[in-house]
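Residues per chain are reported as follows:
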Amino acid sequence: SAEIMFQIAKATFRNRISNVASLPYSFLARSISRQSKVIKPERIVETNDMHVTHVLFCGPYFPDSYNFTREYLQAYPFIQVDVVHYRDVPEVIKNYHICVSMTMQMDSNVISRASKMKLIMQYGVGLDGVDIDAATKNGIKVARIPSEGNGNAASCSEMAIYLMLGLLKKQNEMQISLRSRRLGEPTGGTLLGKTVFILGYGNIGIELAKRLQPFGSRVVATKRSWPSSITDLDSSLLDERGSHEDIYTFAGKADIVVVCLRLNKETAEIVNKKFISSMKKGALLVNISRGGLINYESAYQNLESGHLGGLGIDVAWSEPFDSNDPILKFKNVIITPHVAGVTEYSYRSMAKIVGDLALQLHEGLPLTGIEIVN
């Protein structure tokens, strides 16, 4: 029954993190070895080597982040880039000067061990996994790479378009028709004439609005505070704009909601039962930011009832995503493996920023190309 399926989904969601943590190490090791060489703690360069600047990537996921950074720095032997499995990071973090956290939770316990650390940063925008207060207390700078100028915002906005079109054109049902040798079905939708609500009008939202114009969509957006200096170009991309207090009103106008917010205490599970209930029946929900912005149970229930017309997400409630999650039973769900910003253009651009930071730190120069948040 629907109730039984929901209870299974609820239990799966609550146990998802522990299930991932209990994966056999041998399986993860095989996965890691296929992606890149992960350094074991005992192989790290001796800590008394004062002539080498050590950069730590918390692995094993997003392999081209460290592969491209190593390529960029291959002519500089005094910069060493290691990737260490996140389970081993607390044991070895004391050896490093820069840490690229990726998806690892950098809590106060881990940060307190980072005795040589000068900078904790993200390979991109999100810093929701880093305890910024703990880093500040330990004299460590925390920074993100701005999404503009390196292709990341453009890449993420393209993924939003991909997910919207995939839902509108009924990507999963098309595959069923192909396997069943059926022609002319399913009947899909179009972006033409659709109202798209961009929830969080930052750099990604602006890039998305630019790309929606040629499709003939009506674009509305909310932002917690609109700067007085917003350019005419930014304004002209929107048919309507509102503040945080307008999110439920805008949700009721939209055929598609695209979540582009940063995850923090104020935005966690902002797309909840109240928000989804405010959406039109049959409207689509797309998330290319962070999984924690959407309440899992509310999304599941509204897919089950048919109120939510489709869900397209590049980010999940825990990652890697559980391929047995009951939410995948719905034909109108499309999930991609956190690759919205993972393009060669954006990753090589960010590898250059990380590499230049390591060189600047080594030479004692001011750090550039990043947004320091503490």
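Structure's up top.
Residues numbered from 1 in each chain as written. Predicted model: local features only at pLDDT ≥ 70, side-chain atom pairs only at ≥ 80, totals over all residues. Heavy atoms only, no water.

## Focus: the overall build of the protein
Turning to step 1, where the next piece is worked out: Helix and strand counts for the protein come out as 14 helices and 13 strands.
Turning to step 2, where the next piece is worked out: Going through the 374 residues of the protein one by one, you find that 49% of them count as buried.
Turning to step 3, where the next piece is worked out: Contacts in the protein between residues far apart in sequence, at least 24 positions, make up 67% of those at least 6 positions apart.
Turning to step 4, where the next piece is worked out: Total accessible area on the protein is roughly 17600 Å²; 52% of this is exposed by carbon and sulfur atoms. (Helix = DSSP H or I, 4+ residues; strand = E, 2+ residues; numbered from the N terminus. Buried < 20%, exposed > 50% of the residue type's maximum accessible area, 1.4 Å probe, protein only. Contact = heavy atoms within 4.5 Å. Areas by Shrake-Rupley, 256 points an atom, 1.4 Å probe, with all protein chains shown as cover.)

## Considerations on the pattern of salt bridges
Turning to step 1, where the next piece is worked out: Following the criterion strictly, the structure yields twelve salt bridges and no others.
Turning to step 2, where the next piece is worked out: R348 is paired through a salt bridge with E71; the nearest N and O atoms lie 3.1 Å apart. Pair noted here: R348 is in helix α14 (residues 344-363) and E71 is in helix α3 (residues 63-72), with a separation of 277 residues, a long-range link.
Turning to step 3, where the next piece is worked out: Relative accessible area serves as the criterion here: at 39%, E71 is assigned to the partly exposed category.
Turning to step 4, where the next piece is worked out: We note a salt bridge from R182 to E185, for which the minimum N-O separation is 3.3 Å.
Turning to step 5, where the next piece is worked out: Salt bridges here are not isolated pairs; linked through shared partners, they connect E71, E344 and R348. (Salt bridge = Lys/Arg side-chain N within 4 Å of Asp/Glu carboxyl O.)

## What about the sheet that holds strand β13 (residues 371-372)?
Turning to step 1, where the next piece is worked out: Reading across the sheet, the six strands line up as β2-β1-β3-β4-β5-β13 and stay open at both edges, with mixed pairing between neighbours. On the outer flanks of this sheet lie β2 (79-85) and β13, each paired with one strand and no other.
Turning to step 2, where the next piece is worked out: Here strand β5 (residues 141-144) pairs with β13 via two bridges, running antiparallel. Its bridge partner being in β13, R144 is matched across the sheet by E371. (Pairing = 2+ DSSP bridges.)

## A word on the sheet that holds strand β12 (residues 333-335)
Turning to step 1, where the next piece is worked out: Across the sheet, seven strands lie side by side as β8-β7-β6-β9-β10-β11-β12; this open sheet has parallel pairing. Of all strands in the sheet, those bounded by a partner on one side alone are β8 (240-242) and β12. If you compare each strand with its neighbour and ignore which way they point, the axes differ by 15° on average.
Turning to step 2, where the next piece is worked out: Examined bridge by bridge, strand β10 (residues 283-287) and strand β11 (residues 308-313) share five bridges and lie parallel to one another. Note that in β11 the partner of L284 across the bridge is G310. (Axes fitted to C-alpha atoms, helices over the stretch in contact; angles between N-to-C directions.)

## Focus: the environment of L238
Turning to step 1, where the next piece is worked out: Its place among the elements puts L238 in the loop between α10 (232-236) and β8.
Turning to step 2, where the next piece is worked out: Taking C-alpha positions, L238 is 7.2 Å from A209, a pair spaced 29 residues apart along the chain.
Turning to step 3, where the next piece is worked out: Those residues within four positions of L238 in sequence are excluded, and the remaining contacts are Y201, A209, V219, V220, A221 and W226.

## Notes on the packing of helix α7 (residues 152-168) against helix α9 (residues 203-212)
Turning to step 1, where the next piece is worked out: Contact pair α7 / α9: the axes reach a minimum separation of 8 Å and the direction vectors enclose 55°. The pairing of α7 with α9 is recorded here as oblique in orientation. The chirality of how α7 crosses α9 is right-handed. On α9, the residues touching A153, A154, C156, S157, E158, A160, I161 and M164 of α7 are N203, I204, E207, L208, R211 and L212. (Parallel < 35°, antiparallel > 145°, perpendicular 65-115°, else oblique. Left-handed = near helix turned anticlockwise from the far one by under 90°.)

## What to know about the environment of G124
Turning to step 1, where the next piece is worked out: Tracing the backbone through its elements, the reader meets G124 in the loop between β4 (119-121) and α6 (132-137).
Turning to step 2, where the next piece is worked out: Looking at G124, the relative accessible area reads 4%, which means it is buried.
Turning to step 3, where the next piece is worked out: Along the sequence, G124 and R144 sit 20 residues apart, while their C-alpha atoms lie 5.9 Å from each other.
Turning to step 4, where the next piece is worked out: Not counting chain neighbours up to four residues away, the residues in contact with G124 comprise R144, I145 and M350.

## Quick look at the packing of aromatic side chains
Turning to step 1, where the next piece is worked out: Counting across every chain of the model gives ten aromatic pairs.
Turning to step 2, where the next piece is worked out: Look at F197 and F250: their rings are 5.6 Å apart centre to centre, the planes differ by 65°, and that puts the pair in the edge-to-face class. One end of the pair, F197, is in strand β6 (residues 195-199); the other, F250, is in helix α11 (residues 247-253), with 53 residues separating them in the sequence.
Turning to step 3, where the next piece is worked out: For F197, a relative accessible area of 0% gives the class buried. (Phe/Tyr/Trp six-rings, centres within 6.5 Å; stacked < 30°, edge-to-face > 60°.)

## Details of the pairing of β2
Regular strands have side chains that alternate between both faces of the sheet.
Turning to step 1, where the next piece is worked out: Counted residue by residue, β2 has seven buried out of seven residues, so it is predominantly covered.
Turning to step 2, where the next piece is worked out: Of the two faces of β2, both are covered, the one formed by I79, V81, V83 and H85 as well as the one formed by Q80, D82 and V84.

## A short note on the state of the cysteines
Should the sulfur atoms of two cysteines be covalently bonded, the bond is a disulfide.
Turning to step 1, where the next piece is worked out: Inspection of every chain in the model, using the stated rule, returns zero disulfides.
Turning to step 2, where the next piece is worked out: The structure places no disulfide on C99, whose sulfur is separated from the nearest cysteine sulfur, that of C58, by 3.7 Å.
Turning to step 3, where the next piece is worked out: C156 takes part in no disulfide bond, and the closest cysteine sulfur to it belongs to C260, at a distance of 8.6 Å.
Turning to step 4, where the next piece is worked out: Using a relative accessible area of 7% as the deciding quantity, one classes C156 as buried. (Disulfide = S-S within 2.5 Å.)

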